[in-house]
Amino acid sequence: MIVVMSNSATQGNLDKVIDQIEALGYKADVEKGQFTNVVAVIGDTRSGGKETLEGLDGVERVIPIMKPYKHVSREFRKENTVIELPNGTKIGDNKITMMVGPCAVEDQDQVKTMAEADKNLGFPILRGGAFKPRTSPYAFQGLGLEGLKILREEADKNGLMVITEVMSEADVEMCVEYADILQIGARTMHAFRLLKEVGKTRKPVLLKRGFHATIREWLLSAEYIISEGNWNVILCERGIRTFDDEFSRNVLDLTAVQILKKESHLPVIVDPSHGTGQRDLVVPMSKAAIAAGADGLIIEAHPNPSKALSDGPQSLPVEELPALRKELEEVVTAMGRTI
Ligand code: PEP
Ligand code: MN
């Protein structure tokens, strides 16, 4: 539910509404507007309370949200959510946000090369995995804490922000210390306790779509994060598994971008690297993603993809990044956006 306060409501009226929401067993989240305040009622509001809240002084109306994913829905918030990072980078505004870097952090030199390339190209966010969710337990699992430190150091030297995957509840605190955005991977989109744990932080969370997740399931996973009070959620389409795996690793579902824009107020990022699994498809699908209305891209790149410890075949060589930027510029301009 959303409680819309009248524009003559006093602070005392607002405090009483918050007290009543809490007495009903929900959490209250106040969004202060220029003229009116709106209070989000967080919790399973099927248990009632609408009439009680409507009867309080200063309440103009109470709007029930019909969607199962309440707080992520457009019904709940009409304006796009824009997430601001500590260095001023915004995600979800008119600018296309670029998150570029290796699949996995391998060593300092590799990350240094990538971070410098990002800086030179005006890509504000360095991606890199320190905890890698590998299909085989014998494959490279990531450098862990050492990887986080390398990311932070190289990002700081170049004025960049860091996005990295957190795989387990046990690592949330450590990742919060070093990263600016926490990535939840496709494999853990359904790990509800992990979602709640990142929901307890106030770090932006990029939530990737699970291999087999419907859009509804994905939005409900986002709801798990918001239900703990963290509204800084970014949705990331990274391809889904279908019956045809002969020509691409996954099927990049660009229809989802527009569906999410209708259904939700959250920013939408596209990952054409995992979405296709093939380097030569990354640039065309990046352009397509921007044309489809994405707010940004997360792309894997490597100084020497043939030697990469993970996802080499889909990684762009660092020297191809200027061409990527140039090709994107045309679509970005055509869409009336900037990069
Ligand atoms: C990754 O970003 O390297 C990754 C493992 O992504 P996903 O969870 O989408 O497979
Ligand atoms: Mn990868």
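Every value quoted in this text rests on a predicted model; they were computed, and no experiment measured them.

1. A closer look at helix H10 (residues 279–291)
- Listing the buried residues of H10 in full gives Val282, Val283, Ser286, Ala289 and Ile290.
- Check the buried side of H10 and you find it contacts strand S13 (268–270), helix H9 (272–276), strand S14 (296–302), strand S15 (316–317) and helix H11 (321–334).

2. Considering the site of ligand 1
- In the neighbourhood of ligand 1, 13 residues make up the surrounding shell, with Arg127, Lys132, Gln183, Ala186 and Arg238 lying closest.
- Arginine 127 places a polar side-chain atom, nitrogen or oxygen, 2.8 Å from an oxygen atom of ligand 1.
- For ligand 1, an oxygen atom lies 2.7 Å from a polar atom in the backbone of alanine 186.
- When ligand 1 sits alone it has 300 Å² of accessible area, and the protein chains cover 97% of it.

3. Focus on the coordination of the manganese ion (ligand 2)
- Looking at the manganese ion (ligand 2), one finds its protein donor set to be Cys103 (SG), His274 (NE2), Glu300 (OE) and Asp311 (OD), positioned 2.0 to 2.4 Å from the metal centre.
- Site description for the manganese ion (ligand 2): donor spacing in sequence, C-x170-H-x25-E-x10-D. Taken together, the residues histidine 274 in helix H9 and aspartate 311 in the loop between S14 and S15 connect sequence positions 37 residues apart. Comparing histidine 274 with aspartate 311, the two get one shared label, buried.

4. Description of the packing of aromatic side chains
- By the definition in use, this model includes two aromatic pairs.
- Consider the rings of phenylalanine 76 and tryptophan 231, whose centres lie 5.6 Å apart with planes at 25°: the pair is stacked. Taken together, the positions of phenylalanine 76 in the loop between strand S4 (59–63) and strand S5 (83–84) and tryptophan 231 in the loop between helix H7 (215–227) and strand S12 (233–237) put the pair 155 residues apart, joining distant regions of the chain. Judged on exposure class, the residue phenylalanine 76 and its partner tryptophan 231 are both buried.
- Note on phenylalanine 192 and tyrosine 224: the rings are 4.5 Å apart at their centroids and 20° apart in plane angle, and the pair reads as stacked. Remark: tyrosine 224 occurs in helix H7 and phenylalanine 192 occurs in helix H6 (residues 192–200); sequence separation between them is 32 residues.
- On the basis of relative accessibility, which here comes to 35%, the residue phenylalanine 192 falls in the partly exposed class.
- On the basis of relative accessible area, tyrosine 224 is assigned to the partly exposed category, the value being 30%.

So, how was this worked out
- Residues numbered from 1 in each chain as written.
- Chains lettered and ligands numbered in written order.
- Predicted model: local features only at pLDDT ≥ 70, side-chain atom pairs only at ≥ 80, totals over all residues.
- Heavy atoms only, no water.
- Buried < 20%, exposed > 50% of the residue type's maximum accessible area, 1.4 Å probe, protein only.
- Helix = DSSP H or I, 4+ residues; strand = E, 2+ residues; numbered from the N terminus.
- Contact = heavy atoms within 4.5 Å.
- Near = heavy atom within 4 Å.
- Polar contact = N/O pair within 3.5 Å; in protein donor to acceptor, adjacent residues only side chain to side chain.
- Areas by Shrake-Rupley, 256 points an atom, 1.4 Å probe, with all protein chains shown as cover.
- Donors = N, O, S within 2.8 Å, 3.2 Å for Na, K, Ca; no water.
- Phe/Tyr/Trp six-rings, centres within 6.5 Å; stacked < 30°, edge-to-face > 60°.

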